[in-house]
Amino acid sequence: MNAVIAAENVTFAYDDQPVVKDVSLTVEAGDFLGLIGPNGSGKTTLLKILLGLQTPDTGTVELFGTDATSFDEGTRLGYVSQQSSEADTTMPISVREVVRMGRYAHAGLSPLGSDDHRIVDDALEQVGIVDLADRQISSLSGGQKQRTYIARALASKADLLALDEPTVGVDADSRDAFYDLLHELNEAGITIVLIEHDIGVVTEHADTIACLNRELYEHCDTERFLETDALERAFSSARAARSTGVASGD
Ligand code: ADP
């Protein structure tokens, strides 16, 4: 088995509100996984659990074959959260400096050498933002910022990229170009886990789909997923839960 992420029977509740229920999910090296489901269905929470950023109440998660609680190769994970762009808008920092952070994360306390600077330049080039390198990150558009965070992950040599709604507020052309970039990175061997609310976009780009409404409704190849009624069931369960005021999936 070549699993990048292996989660077994993962459960999580905020206070006593169950948000992730008995989810078992494996992400293989090279996968491009789309994580979909209604609003509030636990996608972000599950993603954080899968990345070892949130500890489940029960169940286990392995990252690259190591228990997530003792996983210490954080540079292998690139996580672009919904909050990423908000954090950097208040910091006077250039695009190149943000990307260098990825390299610093990798180099530890050692000063960056010429190899590190080359890797930073390559990462900027790979995501197509060389011309933005000296701009302040706060001056960039949403799509340009997302590229910067991806470059930071590439500079730290991440081989798993997890993105939570990366194209919210990004115009349609930039969004297409952004997904082309994700495809290229995936082709180059980077495993991708993506939360995206636009189901059409996910099914167009992801090779496998995990459909969630607190519990996992389906996890399979996109082609097969489109033949199932998992999405319908997940949304109708969420609607039913909203109308009764009961946590969905109960
Ligand atoms: P999604 O990403 O599918 O929209 P989330 O994982 O963000 O779902 O949230 C799942 C549920 O957990 C929602 O009902 C949300 O309100 C709740 N929730 C999320 N974060 C917190 C938190 N920090 N404290 C309490 N409840 C939370």
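Definitions and cut-offs
Residues numbered from 1 in each chain as written. Predicted model: local features only at pLDDT ≥ 70, side-chain atom pairs only at ≥ 80, totals over all residues. Heavy atoms only, no water. UniProt positions renumbered as here; feature names shortened; annotations may be inferred. Helix = DSSP H or I, 4+ residues; strand = E, 2+ residues; numbered from the N terminus. Expected span 1.5 Å × (residues − 1). Buried < 20%, exposed > 50% of the residue type's maximum accessible area, 1.4 Å probe, protein only. Contact = heavy atoms within 4.5 Å. Phe/Tyr/Trp six-rings, centres within 6.5 Å; stacked < 30°, edge-to-face > 60°.

- An unreviewed UniProt entry lists the protein chain under the name Cobalamin import ATP-binding protein BtuD, from Natronococcus occultus SP4.
- The heading Sequence similarities (unreviewed entry) in the UniProt record of the protein chain holds the text "Belongs to the ABC transporter superfamily."
- Database annotation for the protein chain, UniProt heading Subunit (unreviewed entry): "The complex is composed of two ATP-binding proteins (BtuD), two transmembrane proteins (BtuC) and a solute-binding protein (BtuF)."

1. What to know about helix α5 (residues 142–155)
- Under the 1.5 Å per step criterion, the end-to-end length of α5 is 20 Å for 14 residues, consistent within 8% with the ideal 20 Å.
- For α5, the buried fraction is high: 11 of the 14 residues fall into the buried class.
- For α5, the set of buried residues is Gly143, Lys145, Gln146, Arg147, Thr148, Tyr149, Ile150, Ala151, Ala153, Leu154 and Ala155.
- Just beyond α5, the residue with positive phi is Lys157, at close to 65 degrees.

2. As for the side chain of Thr208
- Mapped onto the elements of the fold, Thr208 is located in strand β9 (residues 208–213).
- If we ignore the near neighbours within four places in the chain, the residues touching Thr208 are Asp31, Phe32, Leu33, Gly34, His219, Cys220, Asp221 and Thr222.

3. A look at the packing of aromatic side chains
- Counting across every chain of the model gives three aromatic pairs.
- Judged by centre distance (4.9 Å) and plane angle (85 degrees), the rings of Phe12 and Tyr14 are edge-to-face.
- What makes Phe12 buried here is its relative accessible area of 7%.
- Both rings, one in Phe178 and one in Tyr179, keep their centres 5.8 Å apart while their planes meet at 85 degrees; by these two values the pair is edge-to-face.

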